[in-house]
Amino acid sequence: MSGFLGGIAAGVVLSAGLALAGASSASAAVPLGGLTVAVSPKGDQLVAGGDNRVIYVLDAKTLEVKKRVPFAAPIIRMGFDASGGTLAVSDNDGTLHLIETSGWTTKAQQKNRHRAVFSPANGLVASTDTDYRSNTISVTGITDGKDVFSAKLPAQMPVAAMGISPDGARLAVLLGANDDKDEPKVNYSDIPKDLKGLARKLFEMKNDGKTSLAQLYDLKTGKLISEKKTFFSMNHSQSIAAFVKDGVVFNEYSNYGLEFGENGEGRLIQFDGSFLYGSGVSHDGKYIMAGSLRDFVVLDTASIAAKAGEPDKLAGTVKSIDKLPGWPEYFKGFDAAAGGKAMYGATTGYRVVLFDASGQILKAAPVY
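Bear in mind the structure is a predicted one, so any value in this text is a computation, not a measurement.

Cut-offs and rules
Residues numbered from 1 in each chain as written. Predicted model: local features only at pLDDT ≥ 70, side-chain atom pairs only at ≥ 80, totals over all residues. Heavy atoms only, no water. Phe/Tyr/Trp six-rings, centres within 6.5 Å; stacked < 30°, edge-to-face > 60°. Helix = DSSP H or I, 4+ residues; strand = E, 2+ residues; numbered from the N terminus. Lys NZ or Arg CZ within 6 Å of the ring centre and 35° of its normal. Contact = heavy atoms within 4.5 Å. Pairing = 2+ DSSP bridges. Axes fitted to C-alpha atoms, helices over the stretch in contact; angles between N-to-C directions. Buried < 20%, exposed > 50% of the residue type's maximum accessible area, 1.4 Å probe, protein only. Core = buried A, V, L, I, M, F, W, Y, C linked by side-chain atoms within 4.5 Å. Salt bridge = Lys/Arg side-chain N within 4 Å of Asp/Glu carboxyl O.

J.: Please explain the packing of aromatic side chains as it appears in this structure.
T.: Two measures describe an aromatic ring pair: the distance that separates the ring centres and the angle between the ring planes. With the rule as written, the count across this model stands at 8 aromatic pairs. Ring centres of Y253 and Y277 lie 5.1 Å apart, and the angle between their planes is 85°; on these two criteria the pair is classed as edge-to-face. Pair noted here: Y253 is in the loop between β18 (247-251) and β19 (257-260) and Y277 is in the loop between β20 (267-271) and β21 (278-281), with a separation of 24 residues, a long-range link. What links up through ring pairs into an aromatic cluster is the set Y253, F275, Y277 and Y330. Note that K206 overlies the ring of F231, its terminal NZ or CZ placed 5.3 Å from the centroid.

Right under this line is the structure:
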């Protein structure tokens, strides 16, 4: 495959997805409002954590709380290394904590590691040195805390989403949005009234005077492989970057996304379901998981096929968990080891849900 991908292997990876929100370089990420989850690549270790500054060590099958580890700050997201011996935890101040899972002790802390994105199968985490107008991106080994890659970004461009390919060879980055005098800027009142749904959103994005840059880096050589401008832009706390067979998928909370591949500026996409309050991917890159109010969707990435750049809604399996008293309960984090037999989601109701690739809910349990 040519173009932006330059021969990327098929698969998906978290941007576990996922960029952290912030209004300026001095601000912290917005707390989750609940829990997120992480599972080890072997599938034998499961943790949850969030606003209440506790790492919950869970039984991966029963979801029973086996241990509670006090933590200093609100947790935004987490990821294991390849062996499961180290857990990396990103807090809402942009500090990355490396924790030995044998005794649950912190062996290292690294400041200014915002918008953390994990690739557990490769033992890597990507981050930026600021949480809004990013200047440098780094990819770090979770086990030893050593940087294996770094790159300077164009000035005053925020990182909207990042993702590491399943083989650990490449890093996809979406930058923006930036004012662009080459793109038309149409007043809201002048948008054609007959346009609906994705067609209307596409028109809005192509006529808002803003564009983004999609980048692809080779982590082995440190080189920028490709950089292309796109009409699409986003910058939200729940974003995802996913390698798929036809390109790289970027999506965010609004559930409007971009599949970027050979066809230049990319195509507008949307997942089944509603707003994406949380999202994630399986470690082998075969499934995307995303959730909203009680609902979650599982998307088989093999089903994503480009349609000549036309806007497209990507069909997945949508399921709902049982309704708790009171309102609301949103999914805030997902993770899954390879295989699709055990996937995990966590909610603002401090519940963890175990399900499989078909969307069948196997277990849901409160965590406290």
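J.: Is there a simple way to think about the side chain of T211 in this case?
T.: Counting through the fold element by element, T211 comes out in strand β15 (residues 210-218). Leaving out residues up to four positions away in the same chain, T211 has contacts with G176, A177, N178, D180, E183, K229, T230, F231 and F232.

J.: I'm lost on the sheet that holds β15 in this one. Help?
T.: Across a sheet, paired strands are connected by hydrogen bonds in the backbone, their directions being either parallel or antiparallel. Reading across the sheet, the 4 strands line up as β13-β14-β15-β16 and stay open at both edges, with antiparallel pairing between neighbours. Edge positions in the sheet fall to β13 (159-164) and β16 (224-230), since each of these pairs with one other strand and no more. Neighbour to neighbour, the strand axes of the sheet diverge by 15° on average, direction disregarded.

J.: Is there a simple way to think about the environment of L153 in this case?
T.: The topology assignment puts L153 in the loop between β12 (147-152) and β13. Distance in space between the C-alpha atoms of L153 and T128 is 9.8 Å, their sequence separation being 25 residues.

J.: Help me out: how do you make sense of the pairing of β18 in this one?
T.: Taken residue by residue, a regular strand's side chains alternate between the two faces of the sheet. Across the 5 residues of β18, 5 count as buried, placing the element largely inside the fold. Two strands pair when backbone bridges link them, and strand β17 (residues 240-244) and β18 are joined in this way by 5 bridges, in the antiparallel orientation. Bridged to I240 within β18 is N251. Counted along the chain from β17 to the antiparallel partner β18, the turn is 2 residues long. Looking at chain direction, β18 and β19 are connected through 3 bridges and run antiparallel. Looking across to β19, one finds that F250 is bridged to L258. Joining the antiparallel neighbours β18 and β19 is a turn of 5 residues, in which N255 adopts a positive phi near 65°.

J.: Sorry, what's going on with the pairing of strand β10 (residues 124-128) here?
T.: Most of β10 is tucked away: 5 of the 5 residues are buried. In β10, alternate side chains face the same way, and those of L124, A126 and T128 on one face and V125 and S127 on the other are all buried. Following strand β9 (residues 114-119), the chain reverses through 4 residues before pairing antiparallel with β10; G123 in that reversal takes a positive phi of roughly 65°. The sheet contact formed by β10 and strand β11 (residues 136-141) spans 5 bridges and is antiparallel.

J.: Quick question: what am I supposed to make of the nonpolar core here?
T.: Burial of nonpolar side chains together is a common tendency in soluble globular proteins. Ranked by size, the top nonpolar core spans 19 residues in total, and within it L174, F231, F232, M234, F250 and L268 carry the most contacts. Breaking this core down by element, the ones donating at least two residues are β13, β14 (170-179), α1 (197-206), β15, β17, β18 and β19. Here this core takes 3 residues from α1, the largest share from any one element.

J.: Can you help me understand the pattern of salt bridges in this one?
T.: Where side chains of opposite charge bring their charged atoms close, a pairing between them can arise. Following the criterion strictly, the structure yields 10 salt bridges and no others. Here D147 and R113 are joined by a salt bridge, their closest N and O atoms 3.1 Å apart. Here R113 lies in the loop between β8 (105-110) and β9 and D147 lies in strand β12, a separation of 34 residues in the sequence. For R113, a relative accessible area of 13% corresponds to the buried category. The partner of E259 in a salt bridge is R267, with the nearest N and O atoms 2.5 Å apart.

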